Amino acid sequence: MSLGKIVSALFDKTSAEDEDFMGIRVHLRELKKELLENSPDMEPDLKDYIETYADHWLLPHALEDEFDSFISETNDLVVELGNEGYFSNFRPNEDSEEL
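Residues numbered from 1 in each chain as written. Predicted model: local features only at pLDDT ≥ 70, side-chain atom pairs only at ≥ 80, totals over all residues. Heavy atoms only, no water.

As a further point, take the packing of aromatic side chains. On inspection of all chains with the given rule, the structure shows four aromatic pairs. With 5.7 Å between their ring centres and 75 degrees between their planes, Phe21 and Phe67 make a pair best called edge-to-face. With a gap of 46 residues between them, Phe21 in helix H2 (residues 21-38) and Phe67 in helix H5 (residues 67-83) connect regions that are remote in the sequence. Neither residue differs from the other here; Phe21 and Phe67 are each classed as buried. Connected via pairs of aromatic rings, a cluster forms that spans Phe21, Tyr53, Trp57, Phe67 and Phe70. (Phe/Tyr/Trp six-rings, centres within 6.5 Å; stacked < 30°, edge-to-face > 60°. Helix = DSSP H or I, 4+ residues; strand = E, 2+ residues; numbered from the N terminus. Buried < 20%, exposed > 50% of the residue type's maximum accessible area, 1.4 Å probe, protein only.)

Pasting the structure below:
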C-alpha cells in the first residue's frame, strides 16, 4: 500500500474525529512498514519526521490521552507530504482495497 494511501486513511479518521484507536494503530504500523520496505530513496529528514510521528503515536495511551494533538500532527503530515508530491498521483476512488 502506498504512503499516500496510508496517510490519507489516517487523515480520514482524524477528519471524522473517529476515535478508533486500534484501527489508527494498524495504519500507523502500516506507515512504519511502508517506510522500511518501500521508501529507500526518501529524503532522510522527511523519513525521520514520519518515523518520529508514527513512533510517538504508537506509544501506549498516546492517542487516548492526546487525540487533539494527533489530529493536528496528522494534518501537518498531510500538508508536508502534499508539498513533497506524495498525493499527486493519488485518486481516492481508484482503489477499492480496504485498509
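There's plenty left to go through after this.
Below, the discussion takes up the pattern of salt bridges. Summed over all chains, the structure comprises four salt bridges. In this structure, Asp18 engages Lys13 in a salt bridge whose closest nitrogen and oxygen atoms are separated by 3.2 Å. The class of Lys13 is buried, set by a relative accessible area of 16%. Here the residues in one salt-bridge network are Lys13, Asp18 and Asp20, joined through shared partners. (Salt bridge = Lys/Arg side-chain N within 4 Å of Asp/Glu carboxyl O.)

Let us look at the packing of helix H1 (residues 3-15) against H2. The geometry of H1 relative to H2 is characterised by a closest axis approach of 10 Å and an angle of 160 degrees between their N-to-C directions. Taken together, the axes of H1 and H2 lie roughly antiparallel to each other. Seen along the crossing, H1 lies across H2 with a hand that is left-handed. Residue-level inspection shows Leu3, Ile6, Val7, Ala9, Leu10 and Lys13 of H1 in contact with H2, the latter providing Gly23, Ile24, His27, Leu28, Glu30, Leu31 and Glu34. Counted by class, the contact of H1 with H2 contains eight nonpolar, two polar and three charged residues. (Axes fitted to C-alpha atoms, helices over the stretch in contact; angles between N-to-C directions. Parallel < 35°, antiparallel > 145°, perpendicular 65-115°, else oblique. Left-handed = near helix turned anticlockwise from the far one by under 90°. Contact = heavy atoms within 4.5 Å. Nonpolar A, V, L, I, M, F, W, Y, C, P; charged D, E, K, R; others polar.)

Attention now goes to the confidence of the model for the protein chain. Of all residues in the protein chain, 89% attain a pLDDT of 70 or more, and the chain-wide mean is 88. The low-confidence segment residues 94-99, where pLDDT is below 50, has nine contacts with residues more than four positions distant or belonging to other chains. (pLDDT = per-residue confidence, 0-100.)

With that settled, consider H1. Helix length check: H1 (13 residues) gives 18 Å between terminal C-alpha atoms against 18 Å at 1.5 Å per residue, within 8%. Of all 13 residues in H1, 10 are buried, a share of seventy percent or more. Buried within H1 we find Leu3, Gly4, Lys5, Ile6, Val7, Ser8, Ala9, Leu10, Lys13 and Thr14. The positive-phi residue at the C-terminal boundary of H1 is Glu17, with phi of around 50 degrees. (Expected span 1.5 Å × (residues − 1).)

Before going further, it helps to spend a moment on unusual backbone geometry. Its identity is not glycine, yet Glu17 carries a phi of approximately 50 degrees, on the positive side. The residue Glu17 is located in the loop between H1 and H2 in this model. Note on Glu17: relative accessible area 57%, which makes it exposed. With a phi close to 70 degrees, His61 is a non-glycine residue in the positive phi region.

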